[in-house]
Each structure stands twice: as structure tokens, then as C-alpha cells.
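# Chain and residue survey
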Amino acid sequence: MIIEFYTRKRCPLCEKGKAILTELQESWEFEIIEKDIDTNDEWTEQYGLMIPVVVLDGEELQYGQLDKMFINEALTKKIHRI
């Protein structure tokens, strides 16, 4: 599984979100691809007010204040669909 993590530097919510994802990697096998929205105008336009944004295998999962339990449930559902 791949999680795209849209973020930017000096973003406290992004730092908390990254910590949640890293913690979830202890239980789940997935790759985090971090994408700094300040490096791409399209990402900045799309996610500028929403970051951090978690996209799981191409599906926007959650943004802003991330919830560990919600993401864990989404990972569980994803595994059971495979």
C-alpha cells in the first residue's frame, strides 16, 4: 500500500500527521510518499488550505486534523478488500 502525504515545511499539523503515519507503520506495511505542496503549483492550489492530506492508493482519505483511529480503520478496510 502507498500513502501519499501532502504537507509543507513549518506545519505543526503536518508534523503531528507524520508522527501518526509513522506510528501506524509499526502495525501496517505501507510506504509514505511525502509531497511538499510548495514545490508544485497544482498541489498548492488543490491542498493549500487542507494540509496535511492523506491519500491512500489514490483515494483522498483524510485532511487537516488527522485521526489515528480513522486511518487505522481505513487501512483495515483496504486490506479486507484485497
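Read on for a plain summary of the structure. Computed from a predicted model, the values in this text were never measured in an experiment.

What counts and what doesn't
- Residues numbered from 1 in each chain as written.
- Predicted model: local features only at pLDDT ≥ 70, side-chain atom pairs only at ≥ 80, totals over all residues.
- Heavy atoms only, no water.
- Core = buried A, V, L, I, M, F, W, Y, C linked by side-chain atoms within 4.5 Å.
- Buried < 20%, exposed > 50% of the residue type's maximum accessible area, 1.4 Å probe, protein only.
- Contact = heavy atoms within 4.5 Å.
- Salt bridge = Lys/Arg side-chain N within 4 Å of Asp/Glu carboxyl O.
- Helix = DSSP H or I, 4+ residues; strand = E, 2+ residues; numbered from the N terminus.
- Phe/Tyr/Trp six-rings, centres within 6.5 Å; stacked < 30°, edge-to-face > 60°.
- Pairing = 2+ DSSP bridges.
- Right-handed = clockwise from strand over helix to strand, strands pointing away.

Before going further, it helps to examine the nonpolar core. General note: in soluble globular proteins, nonpolar side chains tend to be found buried as a group. The biggest cluster of nonpolar side chains holds 15 residues, and the ones touching the most others in it are Ile 3, Leu 21, Leu 24, Phe 30, Val 54, Ile 71 and Leu 75. Filtering out sequence-adjacent residues up to four positions away, Leu 24 remains in contact with Phe 30, Lys 68, Ile 71, Asn 72 and Leu 75. One finds Cys 11, Cys 14, Trp 43 and Val 55 within the second-largest nonpolar core, a separate group that totals 10 residues.

Applying the stated criterion across every chain, the model contains 6 salt bridges. Between Glu 4 and Lys 35 there is a salt bridge; the shortest N-O distance is 2.5 Å. With Glu 4 in strand β1 (residues 2-7) and Lys 35 in strand β2 (residues 31-36), this residue pair connects regions lying 31 residues apart in the sequence. When sorted by exposure, Glu 4 lands in the same class as Lys 35, which is buried. Of the charged contacts, one joins Asp 36 and Lys 9 as a salt bridge, the two residues approaching to 3.2 Å between their closest N and O atoms. Residue Asp 36 is located in strand β2, and its partner Lys 9 is located in the loop between β1 and α1 (12-24); the two are separated by 27 residues in the primary sequence.

Scanning the model with the defined rule gives 2 aromatic pairs in all. Centre to centre, the rings of Tyr 6 and Trp 43 are 5.5 Å apart; their planes meet at 80°, and the pair counts as edge-to-face. Separated by 37 residues along the polypeptide, Tyr 6 in strand β1 and Trp 43 in helix α2 (residues 41-47) bring together distant segments of the chain. The pair Tyr 6 / Trp 43 is uniform in exposure class, with both members buried. Their ring planes at 35° and their centres at 4.4 Å tell us that Tyr 6 and Tyr 47 sit as a pair that is tilted. Of this pair, Tyr 6 sits in strand β1 while Tyr 47 sits in helix α2; the two residues are 41 residues apart in sequence, bridging distant segments of the chain.

Successive side chains on a regular strand alternate, one facing one side of the sheet and the next facing the other. Within β1, 5 of the 6 residues are buried, which leaves it mostly tucked inside the rest of the structure. The pairing of β1 with β2 spans 6 bridges and is parallel. Along β2, the bridge assignment pairs Tyr 6 with Lys 35. Crossover β1 to β2 through α1 is right-handed. One ladder, built from 4 bridges, connects β1 with strand β3 (residues 53-56); its direction is antiparallel. Each bridged residue has a counterpart across the sheet, and for Phe 5 the counterpart in β3 is Val 54.

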